[in-house]
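# Inside the fold
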Amino acid sequence: MISTQDSQNANIPYQLAMPQNALPEIVIPSAIPEDDTLWVKQAENVYFRPLCLNASQGYWMNLLKVTKSGVLSRHRHPNAVHGFVLKGRWHYLEHDWEAKEGSYVYEPPGETHTLVVPDDVEEMITFFQVNGIMSYVDPWGKLLGYEDVFTKIDLCRKHFINIGLGENYVDQFIR
């Protein structure tokens, strides 16, 4: 609630300098780009759009796009993950719920699951915030690989070089 005194100055921008070491904000006007080349290929029919790659705190936020139905990956999170479905729907083999357009999903630390996009879904796009790493595992928990903010940055650099935007294009997303 704004007090009477504050409401008189409500339309005046903040007048002091920002903290000296504060990082700039990230604003992406078209987070779901019309230019499909901005999606970074992660695997066959799986792409991501970087939004924030936070190297100092070890998390990333991206849009995940899947363009064909099927099993995407089995993975484990040691930290919490947040997701919001923008298009299509998906579920985990290990649970009986389905995340559809407009669904919010919280994945607790320690969660291991296998993401599946149903056969009748042509395209799925979900916003994810991933904290820490994702460990790819087999059905019995054997480690097959991992992904973290640094592997994401490396994928982005290679991709943006390949499409002619240069290796520094990814820097706008790194904090």
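Residues numbered from 1 in each chain as written. Predicted model: local features only at pLDDT ≥ 70, side-chain atom pairs only at ≥ 80, totals over all residues. Heavy atoms only, no water.

## Things to note about the overall build of the chain
Of regular secondary structure, the chain possesses 2 helices and 12 strands. Of the regular secondary structure in the chain, the N- to C-terminal order runs α-β-β-β-β-β-β-β-β-β-β-β-β-α. Dimensions of the chain, computed from C-alpha atoms along their principal axes, come out at roughly 60 × 40 × 30 Å. Relative to its full complement of 175 residues, the chain shows a buried share of 37%. Sequence-distant contacts, at least 24 apart, represent 61% of the contacts inside the chain between residues at least 6 apart. In the chain, 14 positive and 22 negative side-chain charges are present, and the distance between their average locations comes to 4 Å. (Helix = DSSP H or I, 4+ residues; strand = E, 2+ residues; numbered from the N terminus. Buried < 20%, exposed > 50% of the residue type's maximum accessible area, 1.4 Å probe, protein only. Contact = heavy atoms within 4.5 Å. Lys, Arg positive; Asp, Glu negative; His and termini not counted. Charge placed at Lys NZ, Arg CZ, Asp CG, Glu CD.)

## A closer look at the nonpolar core
Residues L53, W90, V117, M124, C156 and F160 are the most contacted members of the largest nonpolar core, which totals 28 residues. Of all the secondary structure elements, the ones that give two or more residues to this core are strand 2 (46-54), strand 3 (59-66), strand 5 (81-87), strand 6 (89-92), strand 9 (112-117), strand 10 (124-131), strand 11 (134-137) and helix 2 (149-162). Looking at this core element by element, the count peaks at 4 residues for helix 2. Once residues within four sequence positions are removed from consideration, M124 is found in contact with L64, K65, V66, K87, G88, R89, W90, L115 and V117. (Core = buried A, V, L, I, M, F, W, Y, C linked by side-chain atoms within 4.5 Å.)

## Here we look at the sheet that holds strand 12 (residues 143-147)
Neighbouring strands of a sheet are bound in pairs by backbone hydrogen bonds; such pairs are parallel or else antiparallel. Strands sit in the order 7-6-9-4-11-12 across an open sheet of 6 strands; the sheet is antiparallel. Whereas interior strands pair on both sides, the edge strands pair on one side only; in this sheet they are strand 7 (98-100) and strand 12. Going across the sheet, the axis of each strand differs from the next one's by a mean of 30°, ignoring polarity. Note: strand 4 (residues 70-76) against strand 9, 6 bridges, orientation antiparallel. Counted as the bridge partner of S73 is L115 from strand 9. (Pairing = 2+ DSSP bridges. Axes fitted to C-alpha atoms, helices over the stretch in contact; angles between N-to-C directions.)

## Quick word on the sheet that holds strand 8 (residues 104-107)
Judged by pairing direction, the sheet is antiparallel, and its 6 strands sit side by side in the order 1-2-3-10-5-8 without closing on themselves. Sheet topology places strand 1 (40-43) and strand 8 at the edges, where each strand pairs with a single neighbour. Mean inter-strand twist for the sheet, computed between neighbouring axes without regard to direction, equals 30°. Pairing between strand 1 and strand 2: 3 bridges, direction antiparallel. For A43, the partnering residue across the bridge sits in strand 2 and is V46. Contacts from helix 2 reach strand 1, strand 2 and strand 3 within the one sheet, and its direction differs from that of strand 2 by about 115°.

## So, the pattern of salt bridges
On inspection of all chains with the given rule, the structure shows 7 salt bridges. Note that K65 is salt-bridged to D36, the shortest N-O span being 3.5 Å. Of this pair, K65 sits in strand 3 while D36 sits in the loop between helix 1 (4-7) and strand 1, placing them 29 residues apart in sequence. Among the residues examined, K65 registers a relative accessible area of 7% and is labelled buried. (Salt bridge = Lys/Arg side-chain N within 4 Å of Asp/Glu carboxyl O.)

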